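# Chains, contacts and geometry: an overview
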Amino acid sequence: MDRNMLNFTVGPVMMDDYLLKENADQVPYFRTPEFSEIMLENEKLLCEFLNAPSGSRAVFITGSGTASMEASVMNFFNKDDKLLVVNGGSFGHRLVELCQIHNLNFTEIKLEYGTSLTEDILKKYENSGYTGLLMQQHETSTGVLYDLKMAGAFCKKNNMFLLVDAISSFLADELDMQAMNVDAVIMGSQKAVALPPGMSFIVMGKKALDRVQNNNMTTMYFNLQDYLKNQERGQTPFTPAVGVLLLLNSRLKNIKENGGAKAVIAHTREIAKYFRDGIKDLPFKMFPQSPASAVTALTSTNGKSAYDIFTKVKDEYKIFICPNGGELKDLIFRVGHIGSISKEQVQVLLDALHQMNTKGEL
Ligand SMILES: *Cc1c(COP(=O)(O)O)cnc(C)c1O
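Overview of the structure. (Residues numbered from 1 in each chain as written. Predicted model: local features only at pLDDT ≥ 70, side-chain atom pairs only at ≥ 80, totals over all residues. Heavy atoms only, no water.)

## Topic: the overall build of the chain
Along the backbone of the chain there are 13 helices and 14 strands. The C-alpha atoms of the chain give a radius of gyration of 20 Å, which matches the 21 Å a tight globule of 362 residues would have. Dimensions of the chain along its principal axes, counting C-alpha atoms only, are 60 × 55 × 35 Å. Within the chain, buried positions represent 57% of all 362 residues. Considering only contacts in the chain between residues 6 or more positions apart, those separated by 24 or more positions represent 72%. Surface summary for the chain: the accessible area is close to 15,600 Å², and the carbon and sulfur share equals 49%. Here the chain contributes 37 positively and 41 negatively charged side chains, and the mean placements of these two sets differ by 2 Å. (Helix = DSSP H or I, 4+ residues; strand = E, 2+ residues; numbered from the N terminus. Rg over C-alpha atoms; globule rule 2.2 N^0.38 Å. Buried < 20%, exposed > 50% of the residue type's maximum accessible area, 1.4 Å probe, protein only. Contact = heavy atoms within 4.5 Å. Areas by Shrake-Rupley, 256 points an atom, 1.4 Å probe, with all protein chains shown as cover. Lys, Arg positive; Asp, Glu negative; His and termini not counted. Charge placed at Lys NZ, Arg CZ, Asp CG, Glu CD.)

Right under this line is the structure:
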């Protein structure tokens, strides 16, 4: 397997050179004050990059993003809740499935693929006893960026808990927990954080912490009370993906030294714009109404199969773009803008796509 292909997917994505180098080192023993110190710093920096209210906490779960989605659903909610779940694609659908599996009382807001959540849609659910809203910031399957500020204001007005899956949007689009009134945020290691997969993180504000402490969970691995207690001293209940957490520390400190989360977000936006400007003469239509910076979701205006385009780019040009699964497989392919990507690298992809266009393959 060629591990050095250009990679414009949404995860795993390309890593910076200093991380690749560090990733070659041994994985150390971790029940030590030295590792604890690093973990406390990880917690501090995640909270800082989200502008989390003071007193917020972070936990580190070994498992992909979905593990933290499930832990959140299990720890923040119970049978007394009445929830609203936004489903605009595969990841919204995953939140719906989690609520079903855990027997929660919920109403699904099913959006047409590629469309935004509007104030008008939410208004219908006002004053109806809802206690929480679960949604993505960026529905990665369709590329839609939801308006979290609007959703947060709705939740504040209706005294609802707001849980946001920001797995693909953290460090790609702005997320300000205080300004957007978000109670808990889920992140993963292999999207814009641009590390190997294996870890996910949850940052919790006061309301989230209260919910965790007052809930009765029947789970061992996903009991957040246990994670919070251990993280007080910079540890986790079980062996974490130690190597990824050490890389996380290097990555977060590097970001902090180079202008903070804002700088990564600005770079992502710039890369996305460079790509979007570069495809204006190609037979593509941008799929979503309000596109996120992390990804450009495209359909062929010539009706060509999106999956065939993905396969050709992979096999003939040795470049990964990102296919879609399920119903969207032949309709949408995506080009990611997260991870360690330069304009020169985007240009290689643009050249490949233009060559394919000349050959009538798009
Ligand atoms: C990638 C992603 C996930 C989780 O995926 P994992 O494969 O479990 O890491 C969840 N939500 C969104 C929005 C994502 O982009």
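## Side note on unusual backbone geometry
With omega at -5°, the peptide bond leading from G11 into P12 counts as cis. The backbone of A194 shows a phi angle near 60°, a positive value even though the residue is not glycine. Within the secondary structure layout, A194 lies in the loop between strand 9 (184–188) and strand 10 (199–204). Positive phi values are uncommon outside glycine, yet K318 reaches one of about 55°.

## Focus: the side chain of N158
Following the sequence through the fold, N158 ends up in the loop between helix 6 (148–157) and strand 8 (161–165). Apart from the residues within four sequence positions on either side, N158 is in contact with E126, N127 and Y130.

## Comments concerning the pairing of strand 10
The buried fraction of strand 10 amounts to six of the six residues, a majority that puts the element mostly inside the structure. Two elements, strand 2 (residues 57–62) and strand 10, share six bridges in a ladder whose sense is antiparallel. Following the sheet pairing, T62 is matched in strand 10 by M199. In the sheet, strand 9 pairs with strand 10 via five bridges, with the strands oriented antiparallel. Its bridge partner being in strand 10, G188 is matched across the sheet by S200. (Pairing = 2+ DSSP bridges.)

## Describing the sheet that holds strand 14 (residues 333–336)
Within the open sheet, the three strands sit side by side as 11-12-14. Their pairing is antiparallel. Single-partner strands in this sheet number two, and they are strand 11 (284–286) and strand 14. Neighbour-to-neighbour, the strand axes of the sheet open up by a mean angle of 35°, direction not taken into account. As paired strands, strand 12 (residues 295–300) and strand 14 are joined by four bridges and run antiparallel to one another. Across the sheet, residue V295 finds its bridge partner in strand 14, namely G336. Sheet strands in contact with helix 11 (residues 260–278) are strand 11, strand 12 and strand 14, and its direction is about 15° off that of strand 12. (Axes fitted to C-alpha atoms, helices over the stretch in contact; angles between N-to-C directions.)

## Side note on the sheet that holds strand 8
To summarise the sheet geometry, strands pair through backbone hydrogen bonds and adopt either a parallel or an antiparallel arrangement. Reading across from one edge, 2-10-9-8-5-3-4 is the order of the seven strands in this open sheet, with mixed pairing throughout. Bordering the open sheet on either side are strand 2 and strand 4 (106–110), each of which pairs with just one other strand. The average undirected angle you get between the axes of adjacent strands in this sheet is 15°. Packed on one face of the sheet, helix 2 (residues 33–49) meets strand 2, strand 9 and strand 10 and runs near 115° to strand 2.

## As for the layout of surface pockets
Roughly 670 Å³ of internal volume is contained in the largest pocket. As for the largest pocket, its lining consists of 23 residues, of which R3, N4, V13, M14 and L20 are closest to the centre. For the lining of the largest pocket, the secondary structure elements donating two or more residues are strand 1 (6–7) and helix 1 (17–22). Of the residues belonging to the lining of the largest pocket, the class tally is 13 nonpolar, six polar and four charged. (1 Å grid on protein atoms, 1.4 Å probe; cavity = no way out; pocket = protein on both sides within 12 Å on 5 of 7 lines; lining within 4 Å. Points joined across faces, edges and corners; volume = space filled by probe spheres on them. Nonpolar A, V, L, I, M, F, W, Y, C, P; charged D, E, K, R; others polar.)

## Remarks on the packing of aromatic side chains
Inspection of every chain in the model, using the stated rule, returns 12 aromatic pairs. Where Y29 meets F30, the ring centres are 5.9 Å apart and the plane angle is 50°; that geometry is what we call tilted. Exposure remark for Y29: the relative accessible area of 60% places this residue in the exposed category. Of the residues examined, F30 reaches a relative accessible area of 8% and is grouped as buried. Taking the centre distance of 5.3 Å and the plane angle of 55° together, the rings of Y307 and F310 count as tilted. Here Y307 pairs with F310, and both are found in helix 12 (residues 306–317), just three residues apart, close to one helical turn. The exposure class assigned to F310 is buried, which follows from its relative accessible area of 8%. Chaining the aromatic ring pairs together yields one cluster made of Y221, F222, Y227 and F238. The ring of Y130 has K82 lying over it, and the distance from NZ or CZ to the ring centre is 4.5 Å. The ring of Y307 has K329 sitting right over it, with the charged end atom 4.5 Å from the ring centre. (Phe/Tyr/Trp six-rings, centres within 6.5 Å; stacked < 30°, edge-to-face > 60°. Lys NZ or Arg CZ within 6 Å of the ring centre and 35° of its normal.)

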